[in-house]
Structure formats: structure tokens, C-alpha cells
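The chain contents come next:
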Amino acid sequence: MEFELSEEQKDIQKAAEEFARGEFDPDLALELDQRGIFPETIWKKATRLGFIGIHYPEEVGGQGLSLLESILVMEAFCRRDSGIGSALSLVDLGSDLILKFGSRDQKEKFLPPIIQGEKQMTVAFGESEDEQDLSVLSTQAEKREEGYLVKGVKKYVLNLSRADMFVILCRESGEQWLPLIVEKDQDRMEIYPIEKMGLKMISSGDLHLQSVGVPYENRLGERGQEMDLFQYYHRVKSLRFLAQALGLMEGAFERALRYSTQREQFGRRLSQFQVIKHKLAEMQVGIEISRSLIYKAALEVERGELYPKALFISKIEVGRRMTGIVDEALQIFGGYGYMAEEEIERFYRDAWTIRTQLGTEEEMRDLLSERIVGKKNEP
Amino acid sequence: MFYEFDERQRAFREKVRQTYEKEVRPIVEEYEKKESFPVFLFRRLGEEHLLCLRCPKKYGGPGMDKISECISMEELNRICAGIGAGVMVHGGLGTDPILRFGSEGLKQTYLPPAVRGEKIGAFALTEPNAGSDASSLRTLAIKVEGRYRLNGSKTFITNGTICDFVTVAAYTHPEKRGTGINLFVVNREDQGFSVIKKLRKLGNHTADTAELAFDDCFVPKERMIGEQECGGLEQLEETLKSGRITYGARSTGVAQAAFETTLSYVREAKRRGNLLQKSQAIRFILAEMAMFIEVMRYTTYRGAWLFDQGMASMKDASIVKLFCTETLQKIVMKAIEIQKEAGLRTDNPIQRYFRDARLFKIPEGTSEIQHLVIARELGI
Ligand SMILES: Cc1cc2nc3c(=O)[nH]c(=O)nc-3n(C[C@H](O)[C@H](O)[C@H](O)COP(=O)(O)OP(=O)(O)OC[C@H]3O[C@@H](n4cnc5c(N)ncnc54)[C@H](O)[C@@H]3O)c2cc1C
Ligand SMILES: Cc1cc2nc3c(=O)[nH]c(=O)nc-3n(C[C@H](O)[C@H](O)[C@H](O)COP(=O)(O)OP(=O)(O)OC[C@H]3O[C@@H](n4cnc5c(N)ncnc54)[C@H](O)[C@@H]3O)c2cc1C
């Protein structure tokens with residue numbers, strides 16, 4: 001069993017780290033966060049260098065790599081800056097569904113503009129604060145001669161303001177699920193961004209679809225694949241957020257470590273106090289556990305495993321490790337950590353926003369226990 | 001022994017709750033957004049006799065006890081921790097040293113207007129390089145011809161930009177490390193005192209936090225608190241003991257607020273078609289929150305009672321602060337987690353409680369410092 005990144009993977013990691021070091025700036029990040037602005041210029045540069053869509057096939061302009069490589073890039077970005085990193089990690093949410101379920105035409109039409117930094121794509125499935133709740137799905141797709149007419153309200157859509165394309169789950173004639181690729185229609189779509197606590201560079205909010213016309217060929221996947229598509233979306237979305245979580249905890253750790261070796265109280269550096277050293281040690285434990293779990297989860301999802309156990313487990317463990325690490329990191333900064341001028345303050349808000357995207361611990365335990373004792377409690 | 005609130009205390013809680021609901025609740029969101037303290041509130045609360053609760057009647061104060069102060073602080077923080085911070089510092093660290101150790105002249109000058117909310121107090125100990133280790137202060141107060149000349153800078157000072165006077169810690173005898181410190185009252189209009197900048201924070205947005213500078217700031221010797229040079233840090237110890245118990249009340253108030261919104265959330269929210277409140281895991285979480293809050297409240301008021309009896313040790317006070325501020329974190333974290341995306345919206349107060357609560361592990365002795373204090377008092 002090999003438990004090492006390949007040379008090529010390490011090179012990708014290094015390239016992404018170098019890019020982030022060169023382009024991400026703490027003052028810029030602070031400003032973008034406070035004003036809720038997407039890092040437009042950095043995104044353009046990142047696409048030019050091929051960091052977006054690294055796992056797309058070469059035919060559409062990608063590099064033909066796997067999900068794991070795309071995760072390495074997101075991790076490196078978020079390590080440098082949780083806000084900018086997350087924003088860049090979410091510009092092509094939904095493209096994974098086209099890669100897996102899309103027709104050849106759909107891939108050729110919708111993916112190249114993402115690679116070239118012309119368009120962004122997102123997913124609009126949820127209709128309540130619980131994106132996974134299918135029971136509330138009521139967005140309708142009516143069949144007309146020229147295509148579907150889509151009506152409904154999607155909630156907490158990520159990258160709402162910036163997205164040019166949406167993968168939307170609706171109900172066809174009030175019954176069957178229907179996943180559609182919907183292009184932005186200024187006249188028949190209204191967006192209502194909400195202000196949120198963290199990840200402020202990437203907008204989120206409600207999408208109102210007022211009889212948006214969608215051609216038949218934008219139907220995504222075959223009939224009968226809807227549940228697979230829904231599940232796959234949650235898996236790859238979780239992976240993306242796990243990668244962000246991993247980068248964020250590494251970034252928080254590095255900042256706390258650096259600060260603890262500089263700050264002195266009682267005539268000693270903070271890093272000389274045993275409890276501070278132990279906090280740093282515990283952060284390492286969390287990072288290593290998370291990294292192993294997440295990379296394993298990426299392989300499971302890539303292989304299309306029916307039951308990606310490491311993925312489910314990492315959603316519990318990585319979520320709480322990350323928030324624990326960022327909390328201790330803030331504590332090491334003392335009063336400074338609470339100030340908006342310190343990066344760790346933003347990391348703290350972003351960490352909890354990312355954690356929310358991973359689902360609650362209770363829900364994950366529901367999922368895991370269903371696998372252990374069965375849905376109807378029959379082993 | 002303290003077991004339950006008596007009738008008078010219950011009536012007082014009812015009164016302050018009504019007052020804060022009426023006077024504070026409606027303005028919270030506006031001022032949180034503006035990230036500024038609603039200064040007019042000081043006079044309003046002064047009219048209601050809700051400032052400097054322990055200040056004796058002799059100086060115009062309500063002359064109440066620590067338990068009453070905690071009741072008031074719990075209720076105010078239940079509505080807004082940022083506003084709670086400003087009111088707490090004003091009636092606590094800002095004026096307490098004057099009340100306990102100041103000359104009659106200082107008391108007559110500063111307490112009555114503070115009680116009425118006409119003059120706002122602040123307290124400045126922390127410096128850029130001296131936080132947990134107060135003995136490493138660099139601010140100096142050197143005696144020059146019957147006056148003291150203050151030089152130095154202070155940071156993270158609550159009420160910093162809005163205060164009319166500030167109680168400042170400085171070395172009168174820098175060669176006596178730790179013991180050569182005194183407290184001085186500096187007026188806003190004193191030459192050489194300036195506000196460098198207001199600081200933006202993760203939470204407690206209504207609380208005003210600033211960096212201050214003293215640049216050849218002369219104050220008359222009568223404005224030193226206490227008769228003799230040296231011993232200021234010991235005076236502070238006494239004030240901090242009271243302040244740490246107040247943190248128990250603040251934590252209980254924020255926890256109560258977080259609990260109330262979570263309870264109403266789970267009553268209405270559904271997951272996969274089922275009411276969230278039917279989930280066993282969620283029921284356990286709410287039961288635990290209720291249990292923790294019960295224990296926090298008990299611990300806080302026991303501490304306050306001991307304080308009123310003159311029996312509270314620093315260990316008692318540190319236990320109150322450490323237990324309550326840390327337990328509060330567990331409550332707000334779980335509360336925000338189960339509300340999922342809804343919990344992150346800035347129009348949902350739960351994220352404010354969450355951001356506000358995070359502060360409490362830092363001021364008036366970080367959690368690590370509380371551990372060290374308790375261990376020291378254990379005699380090890
Ligand atoms: C918090 C959370 C996190 C999750 N994370 C992941 C994850 O990381 N990876 C992952 O793979 N899954 C994830 N899931 C999804 C989970 O594994 C289930 O697949 C999903 O919740 C559906 O399960 P269910 O039992 O609710 O669906 P069901 O009870 O099977 O279906 C829900 C409803 O949808 C209807 N329905 C189902 N299929 C169709 C259809 N084709 N057309 C019309 N109606 C249909 C059903 O009749 C039913 O009314 C997550 C779920 C939750 C709640
Ligand atoms: C919003 C806000 C309002 C405030 N208001 C006021 C105010 O009104 N007036 C005022 O004077 N101050 C105020 N403070 C300052 C506050 O009291 C200090 O921030 C606090 O005492 C910690 O000091 P520091 O920030 O310098 O952290 P540091 O002392 O630098 O501590 C950094 C980290 O090291 C740890 N540490 C320090 N020493 C040790 C040790 N010996 N062993 C193990 N760990 C250790 C700490 O616990 C912390 O985790 C405020 C702070 C904030 C954030």
C-alpha cells in the first residue's frame with residue numbers, strides 16, 4: 001500500500017502554494033471580506049494557470065487529473081487564505097455533475113468557458129437551510145414544446161451573484177426529479193443574496209426562477225440516475241469543503257505557531273509554555289488525522305464507492321477538528337485574535353461557515369448508523 | 001447558603017428584564033451594524049438606577065449587592081453582550097477602584113456623575129506588549145512637582161473612544177517590577193491624552209474598543225487612587241475578583257439567549273419531513289444546554305453570594321469565570337451548528353451570540369490564566 005503523494009502531485013501542490021503566496025494578500029483579503037467582493041483578478045489568473053478544472057479531461061481543456069489533485073489545489077489555496085481560497089474552490093461547483101453525468105455536447109458547451117475563466121457555475125438544489133432535504137423539493141419544470149419552463153425558489157445557493165450557470169433540481173410535472181443545466185436569465189431570474197457570518201467573498205442566497213425557459217438538451221443525466229446524481233453532488237461538494245477545511249486548519253496552525261514563537265509574556269515566548277506547546281501538538285494531531293481521512297475519501301469518491309465510509313467519517317471528524325484548531329489558534333493570539341485586523345479572526349468565521357456545509361454531526365451519525373444497523377433498524 | 005433568589009431579587013430581575021427589553025432590545029441591531037455604542041443609553045440607564053449598582057447611596061448610587069449586579073448583567077447580556085460590555089466596564093473596572101480605594105475627593109467627583117450616566121468610565125491596563133503579564137507594563141507615571149506625568153500606550157480599551165474618564169495603570173516605580181504600579185484617573189480633556197484608533201472585532205460590535213495614548217499627560221497627584229505610591233496591582237486584584245464573577249453572569253445571559261433561540265428553532269424546523277424536536281439527538285442537545293445553564297447560573301450566584309459575604313477567594317472567582325465562559329462556548333457552538341445555513345445569516349441573532357461569546361475566554365484573565373490562578377491557589 002502506497003501512502004504518499006506522487007512526485008507529480010507534490011509538484012501541483014507546490015505550484016498552487018507558490019501561486020497563492022504570490023497573489024493572495026492579507027490586506028486585500030480583509031477588504032474583500034469586509035465588502036463581500038469576489039476576488040475577480042486572482043480568479044482570472046488562476047484560470048490562466050490552469051488551477052481551475054485541473055481534473056477535467058483534456059478534451060475540454062482540463063489537465064485530465066483526478067479529484068485528489070483538485071483537492072490539493074484547494075487545500076493549498078485555503079492554507080494561504082481561507083476566504084480567497086474558498087471563493088476559488090467554489091467557482092465551478094456543479095461541473096463535477098456534468099463531468100460524470102453530462103453528454104458529450106454538454107461537456108463541450110459548458111466546461112470550456114469555466115476553464116477559460118469566462119464563466120462560473122453553481123448548484124441550486126436546496127429549498128431550505130438543509131440542502132439535503134428532498135422532502136421539500138417543489139421547484140417545477142413544465143414541459144412545453146420548445147423546452148421546460150422552470151418555476152420555483154432555491155435557497156442558500158452558493159456563489160449566487162457570480163454564477164452564470166446553475167445545475168438545478170426540479171420536479172417534472174410535479175413528480176419525477178429532473179436535473180437541469182440552466183443558464184443565467186437576467187429577466188426571469190431574481191437573486192436575493194443574504195449576508196452571512198463567514199466566507200463573505202462568495203455570495204449565498206435565494207434564487208427565484210420565474211418561468212425560466214430551458215431547452216430539452218439541458219437535461220442532465222439519464223432517467224433513473226437522479227438519485228445517483230444527487231448523491232454524487234453531495235459527495236463532491238463535501239470533498240471540496242473538506243479540502244478547504246484542511247487548508248484552513250493548516251493555515252490557522254501555521255499562523256498560531258509563528259505568533260507563539262514571537263510573542264512574549266512573563267519574559268518567555270508563548271511557545272515555551274507547556275500548555276501552548278500542547279495546543280500546537282494537538283493541532284498537528286488534528287491535521288494529520290484529517291489529511292489521511294480526506295485523501296482517502298477523495299479516492300473513494302473517485303472510485304465511485306457505494307459507501308464512502310472515510311468521507312462520512314471525515315465530515316464529522318474534520319469539521320470538529322477544524323473548528324477546534326481555529327479556536328485554539330485564536331486563543332493563542334489572545335486579544336489580537338479577536339481583532340478584525342488579524343487573519344485568524346476571518347479564519348474563525350470562515351471555519352464555522354465551512355463546517356456548516358459539511359452537515360451536522362448528528363446527521364452524519366444518522367447516515368453512518370443507517371449503514372451499521374440499517375435504515376429500519378434491522379442489522 | 002445561597003439556594004434560591006428571594007422575592008426582592010425576583011422582582012428586581014423582572015424589573016431589569018422589562019427595562020432592557022424596552023430600552024435596549026429595539027436598538028441592538030442598528031448599533032451592531034454601525035459597530036458603535038448607543039451612548040445616550042448611559043443616561044437612560046442612569047435614570048433607571050441601573051448603572052454602578054454597588055455604588056453606595058452616599059454617592060447617589062443604588063447601593064445594591066453583587067447578586068443584584070449579576071442579575072442585571074445576566075439580563076443585559078441576554079439581550080446584547082456588546083452593550084453589556086460597555087455598561088459592565090463603566091460600573092466595574094472603570095469605577096470600582098475609585099469606590100474601593102479612592103480618596104473622598106475622587107469619590108465625590110467621579111461617582112455621582114457616573115451613577116447618573118453623565119460621565120462614562122473606562123479602564124486601561126492592557127498594553128500592546130503587556131496582556132496576561134500585567135507586571136510588564138511600560139506606561140510610566142513619574143512624579144514631577146506635585147503632578148504625575150504619564151507616558152505610554154494602551155490597547156483593547158473598552159469605552160475607549162466614548163469615555164469621559166479612564167482609570168489607568170502605570171508604573172510610578174518601574175524599578176519595582178509588579179509592585180511599583182499605581183492607578184490614576186485621567187480625564188478625556190487632559191492634555192496629552194488621545195484616542196489613537198477604534199478597533200474592529202469578531203464580535204461585541206456595539207462595544208467600543210480602542211487604542212489610547214498618553215503623551216506627557218500631566219495629572220494632579222490627587223488623581224492617583226490610594227494614598228501611597230506602589231500597590232496598584234493589589235488594588236486591581238480585588239477589582240478583578242469582582243469582574244470575574246460578573247463574567248459568570250455575562251456568560252449565563254448569552255447562553256440563555258442562545259438557548260431560547262435554539263429552542264424555538266427546533267420547535268419549527270424540519271429535517272426530511274420530520275420536526276427537528278422529535279430527534280432524540282436534538283432532545284439530548286437541548287437537555288444538556290438546559291443543564292449547563294442551570295449549573296452556570298448556580299455557580300455564578302454562589303460566587304456573587306460569597307462575594308457579598310466577603311468570603312470569595314480569587315479561586316472562587318476564577319472558577320466562576322473559567323467554568324462559565326468555557327461552558328458558554330459549548331452551548332453557542334452546538335446552537336449554531338444545528339441551525340445549519342440559517343444559523344449563519346447575519347439577521348439571525350444566533351451568529352451574534354456565537355461571535356460575542358468567543359470573546360469571553362480572553363479578557364480579565366484568559367482561560368489559561370484562570371487555570372494558572374486556580375492551580376496557584378491550590379498551593380501547588
Ligand atoms: C446532512 C446530510 C448529509 C448528506 N451527505 C451525503 C454525502 O456526503 N454523500 C452522499 O452520498 N449522500 C449524502 N446525503 C444523502 C443521503 O445519503 C441520502 O441519499 C439522502 O438524504 C436521501 O435519503 P432519504 O432517505 O432522505 O431519501 P429517500 O427517502 O429515498 O427520498 C426522499 C424523498 O425523495 C423522493 N425521491 C427519491 N428519488 C426520487 C426521484 N428520482 N424522483 C422523485 N422523487 C424521488 C422519495 O420518494 C422521498 O419522498 C446526505 C444527507 C443528509 C441529510
Ligand atoms: C474586546 C476586548 C476588550 C478588552 N477590554 C479591555 C479593557 O477595557 N481594559 C483593559 O485593560 N484590557 C482590555 N482587554 C484586554 C484583555 O484583558 C487582554 O487581551 C487579555 O488580558 C490577554 O492579553 P493579550 O491579549 O495580550 O494576550 P497574551 O497575554 O499575549 O496571551 C496570548 C496567549 O498566551 C496565553 N498565555 C499567556 N501567558 C501564559 C502563561 N504563562 N502560560 C500559558 N499560557 C499563557 C494566553 O492565555 C493567550 O492564550 C480587552 C480585550 C478584548 C479582546
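What you see is a predicted model, and the numbers here were worked out from it, not measured in a lab.

K.L.:
Could you clarify how one ought to interpret the overall build of chain B in this entry?
P.N.:
In terms of regular secondary structure, chain B is built from 13 helices and ten strands. A compact globule built from 380 residues would reach a C-alpha radius of gyration of about 21 Å, and chain B, at 21 Å, matches this within 12%. Overall size of chain B, expressed as C-alpha extent along the three principal axes, is 80 × 45 × 40 Å. Per-residue burial for chain B yields a buried fraction of 63% across its 380 residues. Across chain B, every contact between residues at least 6 apart in sequence was considered, and the portion connecting residues at least 24 apart equals 76%. Per element, the accessible surface of chain B, about 14,700 Å² overall, is 52% carbon and sulfur. Separation of charge centres in chain B, based on 56 positive and 50 negative side chains, amounts to 4 Å.

K.L.:
Would you explain the domain arrangement of chain B in this entry?
P.N.:
Residue and element names in this part refer to chain B. Each assigned domain of chain B is listed with its residue range as follows: domain 1 (7-116), domain 2 (121-231) and domain 3 (233-377). Between domain 1 and domain 3, the C-alpha centre-to-centre distance is 21 Å. Each partner contributes residues to the interface: domain 1 has 28 residues there, and domain 3 has 28 residues. Together domain 1 and domain 3 conceal approximately 2,400 Å² of surface at their shared face, both sides included; 58% is due to carbon and sulfur atoms.

K.L.:
Could you clarify how one ought to interpret the site of ligand 2 in this entry?
P.N.:
Contacts to ligand 2 come from 30 residues, most closely from Q331(A), S132(B), F156(B), T366(B) and E368(B). Surrounding ligand 2 is a set of residues that belongs to chains A and B. T126(B) has a polar side-chain atom sitting 2.7 Å from a nitrogen atom of ligand 2. When residues of the shell around ligand 2 are traced back to their parent elements, those giving at least two are α10 (274-303) and α11 (309-332) of chain A together with β1 (121-124), β3 (147-158) and α13 (367-377) of chain B. Residue classes in the shell around ligand 2 are distributed as 17 nonpolar, nine polar and four charged.

K.L.:
Is there a simple way to explain the interface of chain B and chain A in this structure?
P.N.:
Note: interface size is frequently given as the accessible area lost on complex formation between the parts. Each partner contributes to the interface: chain B provides 49 residues, whereas chain A provides 44 residues. Summing the contributions of chain B and of chain A, the shared interface buries around 4,200 Å²; its carbon and sulfur component is 55%. If you sort the residues of chain B by the area they bury against chain A, K340(B), E341(B) and L344(B) come out on top, with a joint share of 17%. With a closest N to O distance of 3.3 Å, R355(A) and E337(B) form a salt bridge. Between chain B and chain A we count 33 residue pairs in polar contact (both at pLDDT 80 or more) in total. Elements represented by at least two residues in the side of chain B that touches chain A include exactly β3, β9 (270-271), α9 (280-308), α10 (314-338), α11 (340-344), α12 (349-359) and α13 of chain B. Each residue belonging to the side of chain B that touches chain A can be placed in one class, and the counts come to 18 nonpolar, 13 polar and 18 charged.

K.L.:
How should the domain arrangement of chain A be read in this particular structure?
P.N.:
Residues and elements named next belong to chain A. By domain assignment, chain A separates into domain 1 (7-115), domain 2 (121-218) and domain 3 (226-373). Here domain 1 and domain 3 have C-alpha centroids that lie 20 Å from each other. Residue-level contacts link 30 residues of domain 1 with 32 residues of domain 3. Carbon and sulfur atoms supply 62% of the area buried between domain 1 and domain 3, which totals about 2,700 Å² over both sides. A salt bridge links D33 to R349, with the shortest nitrogen-to-oxygen separation between them at 2.8 Å. Across the contact surface, domain 1 and domain 3 share 14 residue pairs in polar contact (both at pLDDT 80 or more). Contributing elements (two or more residues each) for the side of domain 1 that touches domain 3: α2 (26-35), α4 (67-80), α5 (82-89) and α6 (95-101). Per-element tally for the side of domain 1 that touches domain 3: the top contributor is α4, with nine residues. Within the side of domain 1 that touches domain 3, the residues separate by chemical class into 13 nonpolar, nine polar and eight charged.

K.L.:
How do you make sense of the site of ligand 1 when you look at a structure like this?
P.N.:
Lining the immediate surroundings of ligand 1 are 22 residues, of which Q132(A), W177(A), R235(A), K315(A) and K375(A) lie closest. More than a single chain frames ligand 1: its nearby residues are located in chains A and B. Between an oxygen atom of ligand 1 and a side-chain N or O atom of R235(A), the distance comes to 2.5 Å. Here an oxygen atom of ligand 1 and a side-chain polar atom of K315(A) are 2.7 Å apart. Burial of ligand 1 by the protein chains amounts to 75% of its free accessible area of 960 Å². At the level of secondary structure, the elements contributing two or more residues to the shell around ligand 1 comprise β5 (176-183), α9 (226-262), α11 and α13 (361-373) of chain A. Ranked by residue count, the leading element in the shell around ligand 1 is α9(A), at seven residues. Residue composition of the shell around ligand 1, grouped by class: eight nonpolar, five polar and nine charged.

K.L.:
In this structure, what is going on with α13(B)? I would like to understand it.
P.N.:
Every α-helical turn comprises 3.6 residues, leaving residues that sit three or four positions apart pointing alike. Where α13(B) is concerned, the buried positions are S367(B), E368(B), I369(B), Q370(B), V373(B) and I374(B). Residues of α13(B) that are buried sit in contact with α10 and α11 of chain A together with α8 (232-268) and α10 of chain B.

K.L.:
In this structure, what is going on with the state of the cysteines? I would like to understand it.
P.N.:
Cysteine pairs can be linked by a disulfide, which is a covalent bond between their two sulfur atoms. All names here are of chain B. With the rule as written, the count across this model stands at zero disulfides over all chains. With no disulfide of its own, C55 lies closest to C52 among cysteine sulfurs, the gap being 5.9 Å. Unpaired in this structure, C80 has its nearest cysteine sulfur neighbour in C70, at a distance of 18 Å.

K.L.:
Sorry if this is basic, but what is going on with the packing of aromatic side chains here?
P.N.:
The description of an aromatic ring pair rests on the distance of the ring centres and on the angle between the ring planes. According to the stated counting rule, one finds 24 aromatic pairs over all chains in the structure shown. Seen in terms of ring centroids, Y259(A) and F333(A) are 4.3 Å apart; in terms of plane orientation they differ by 20°. Their pairing is stacked. Placement of Y259(A) in helix α9 and of F333(A) in the loop between α11 and α12 (343-357) is noted, with a sequence separation of 74 residues between them. Classification of Y259(A) as buried rests on a relative accessible area of 13%. Given a relative accessible area of 7%, F333(A) falls into the buried group. Between F37(B) and F42(B), the aromatic rings sit 5.1 Å apart at their centres with planes inclined by 25°, giving stacked as the arrangement. Each member of the pair, F37(B) together with F42(B), is buried. One aromatic cluster is present, built from ring pairs that chain together F19(A), F24(A), F51(A) and F77(A). Over the aromatic face of Y232(A) sits the side chain of K100(A), whose NZ or CZ is 4.8 Å from the ring centroid.

K.L.:
Could you clarify how one ought to interpret the environment of I79(B) in this entry?
P.N.:
Residues and elements named next belong to chain B. Position of I79 relative to the elements: it lies in helix α4 (residues 66-79). On a C-alpha basis, the gap between I79 and K334 in space is 19 Å, while along the polypeptide they are 255 residues apart. Not counting chain neighbours up to four residues away, the residues in contact with I79 comprise Y20, E21, V24, R25, V28 and R352.

K.L.:
Can you walk me through the pattern of salt bridges in this structure?
P.N.:
Close approach of charged atoms lets side chains of opposite charge pair. Under the counting rule described, the total for this entry stands at 83 salt bridges over all chains. A salt bridge links E4(A) to K10(A); its shortest N-O distance comes to 3.1 Å. A relative accessible area of 56% means that E4(A) is categorised as exposed. Linking R352(B) and E29(B) is a salt bridge whose minimum nitrogen-to-oxygen distance equals 3.6 Å. You can see R352(B) sitting in helix α12 and its partner E29(B) sitting in helix α2 (residues 28-34), a full 323 residues away along the chain. For R352(B), a relative accessible area of 4% translates into the label buried. Look at the salt bridges and you will find they share partners, linking E282(A), E317(A), R320(A), R321(A), R355(A), E361(A), E362(A), R365(A), K334(B) and E337(B) into a network.

K.L.:
Which parts of the structure should I look at to understand the confidence of the model for chain B?
P.N.:
One rule of thumb: low pLDDT means the predicted coordinates there are not for detailed reading. This prediction gives chain B a mean pLDDT of 97; 100% of its residues lie at or above 70. Among the prediction metrics, the complex's ipTM stands at 0.97, with pTM recorded as 0.93.

Criteria and thresholds
Residues numbered from 1 in each chain as written. Chains lettered and ligands numbered in written order. Predicted model: local features only at pLDDT ≥ 70, side-chain atom pairs only at ≥ 80, totals over all residues. Heavy atoms only, no water. Helix = DSSP H or I, 4+ residues; strand = E, 2+ residues; numbered from the N terminus. Rg over C-alpha atoms; globule rule 2.2 N^0.38 Å. Buried < 20%, exposed > 50% of the residue type's maximum accessible area, 1.4 Å probe, protein only. Contact = heavy atoms within 4.5 Å. Areas by Shrake-Rupley, 256 points an atom, 1.4 Å probe, with all protein chains shown as cover. Lys, Arg positive; Asp, Glu negative; His and termini not counted. Charge placed at Lys NZ, Arg CZ, Asp CG, Glu CD. Domains from an automatic or database assignment. Buried area = accessible area lost by both parts, 1.4 Å probe. Near = heavy atom within 4 Å. Polar contact = N/O pair within 3.5 Å; in protein donor to acceptor, adjacent residues only side chain to side chain. Nonpolar A, V, L, I, M, F, W, Y, C, P; charged D, E, K, R; others polar. Salt bridge = Lys/Arg side-chain N within 4 Å of Asp/Glu carboxyl O. Disulfide = S-S within 2.5 Å. Phe/Tyr/Trp six-rings, centres within 6.5 Å; stacked < 30°, edge-to-face > 60°. Lys NZ or Arg CZ within 6 Å of the ring centre and 35° of its normal. pLDDT = per-residue confidence, 0-100.

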